[in-house]
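Take a look at the letters that make up each chain.
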Amino acid sequence: MTTVDTPDTPFAVIDADRLDRNAARLRAHLDGLGVPLRLHVKTCKSVEVAERVHAGGPITVSTLAEAEHFADAGHTDVLYAVGIDPHKLPRVAALLRRGVTLTVLLDSIAQAQAVARFAQEEDLRIPALVEIDCDGHRGGVTPADPALVHIGQSLGDNLAGVLTHAGESYFAYTPEALHESAQNERNVAVTAAEVLRAAGLPCPVVSVGSTPTAHAATDLSGVTEVRAGNYVFFDLVMAGIGVCSTDDLALSVVVTVIGHQTEKNWVLTDGGWMATSRDRGTQAQAVDQGYGLVADLTGALIPGLLMTGASQEHGVLSTRDGEPVPDLPIGTRLRILPNHACATAAQHDRYHVVSGANPAVEATWSRLRGW
């Protein structure tokens, strides 16, 4: 029997019990609000994970490689939620001709004209959503920007609706701030849809979502779908803003103790940033978790111990309060709980699946990499 003591470290582990619990929680919340989920697979990038938590449902991707990979597995309703590069339109067309409903995203007249021109040349309809800026986090146009209607007009029959993402919700640190972010996300998206409809343009899709706002929303009237992906694993950033607890984190990285620096109060492991990523997303939060918290192989946190340093293939563990590090002999295996699940998962090409404290590896699930 393969257990978490068997594979060479470092390797990624999914706790299936926590994964299932996280999925059930969001599913119940959105069912109560009457809005379907469009799973964002950018976090897991795994067909097996998607089938486990969202079997057969519509998905969101962040790369065309994901769209192609999931299409190969039978997914036919895919939203590519990164602004479209016109050079990638031939790959979009190939998926459409395979019977995949692939929706693209854009926020400029130039992109809209490129999509409309390519669609006409290829005799295709390329469904496109206009990205709406709801909080200044990244891309998009505001509902008040005259460009919104011009973009819709430029798309012609390819216009499918609007999409927004409350990225600033990742910096909302109270329940009230999270709820306000979720409500603003909904309000801005619905307002943008109304602007297009008032101009005589169709807007059947009103898409919103992020893991924080998906959980904090209480009113999604006028919204047709919610996108979320990080929630399947959660991470320390999400725990830091109160969306989950550390007991909900389903992803970790198993590492092995390979040395000690007693005078520095360090424990060295074979899991550096190539295994856990350089993400320091908790640095701006009230509690800085370094490069991740440390648990034993059962998943139980070791009090006061965290990963405080990382070079390419070395991790440094030390204590938060300067107390002596626990006795962790050479060969001891540990689990590092990540700051940012998406970034940590991206370092691995497979997941080893366990259930709770049981050390048995029940399955190995593949994970896509690349663009």
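Residues numbered from 1 in each chain as written. Predicted model: local features only at pLDDT ≥ 70, side-chain atom pairs only at ≥ 80, totals over all residues. Heavy atoms only, no water.

Caption draft 1: Quick peek at the sheet that holds strand E9 (residues 225–228). Ordered by their spatial adjacency, eight strands build a closed barrel running E2-E3-E4-E5-E6-E7-E8-E9, and the pairing between neighbours is parallel. When strand polarity is set aside, the average angle formed by the axes of neighbouring strands in this sheet is 25°. Two strands pair when backbone bridges link them, and strand E3 (residues 59–61) and strand E4 (residues 77–83) are joined in this way by three bridges, in the parallel orientation. The residue bridging Val-61 from the neighbouring strand is Tyr-80, located in E4. (Pairing = 2+ DSSP bridges. Helix = DSSP H or I, 4+ residues; strand = E, 2+ residues; numbered from the N terminus. Axes fitted to C-alpha atoms, helices over the stretch in contact; angles between N-to-C directions.)

Caption draft 2: Structural view of the pattern of salt bridges. One pass over the structure, following the stated rule, counts eleven salt bridges. A salt bridge links Asp-248 to Arg-21; the shortest N-O distance between them is 3.3 Å. With Asp-248 in the loop between helix H9 (236–240) and strand E10 (251–261) and Arg-21 in helix H1 (residues 16–33), the pair connects residues that are 227 residues apart, well separated along the chain. For Arg-21, a relative accessible area of 41% puts it in the partly exposed group. Here Asp-72 makes a salt bridge to Arg-98, at a shortest N to O gap of 2.8 Å. Residue Asp-72 is located in helix H3 (residues 64–72), and its partner Arg-98 is located in the loop between helix H4 (89–97) and strand E5 (101–106); the two are separated by 26 residues in the primary sequence. Assessed through its relative accessible area of 59%, Asp-72 is described here as exposed. One salt-bridge network, in which partners are shared between bridges, spans Arg-38, Asp-77 and Glu-225. (Salt bridge = Lys/Arg side-chain N within 4 Å of Asp/Glu carboxyl O. Buried < 20%, exposed > 50% of the residue type's maximum accessible area, 1.4 Å probe, protein only.)

Caption draft 3: Fine view of helix H2 (residues 47–54). If you check which residues of H2 are buried, you get Val-47, Val-49, Ala-50, Val-53 and His-54. One side of H2 holds all its buried residues, which, seen down the axis, span an arc of 160°. Following H2 by one or two positions, Gly-56 has its phi on the positive side, about 75°. (Arc of directions from axis to C-beta.)

Caption draft 4: Representation of the packing of aromatic side chains. Scanning the entire structure with this criterion turns up one aromatic pair. Considering the side-chain rings of Phe-233 and Tyr-351, the 5.6 Å spacing of their centres and the 70° angle between planes classify their relative orientation as edge-to-face. With Phe-233 in the loop between E9 and H9 and Tyr-351 in strand E16 (residues 350–354), this residue pair connects regions lying 118 residues apart in the sequence. Judged by its relative accessible area of 0%, Phe-233 is buried. Lying across the ring of Tyr-291, Arg-280 places its NZ or CZ 5.5 Å from the centre. (Phe/Tyr/Trp six-rings, centres within 6.5 Å; stacked < 30°, edge-to-face > 60°. Lys NZ or Arg CZ within 6 Å of the ring centre and 35° of its normal.)

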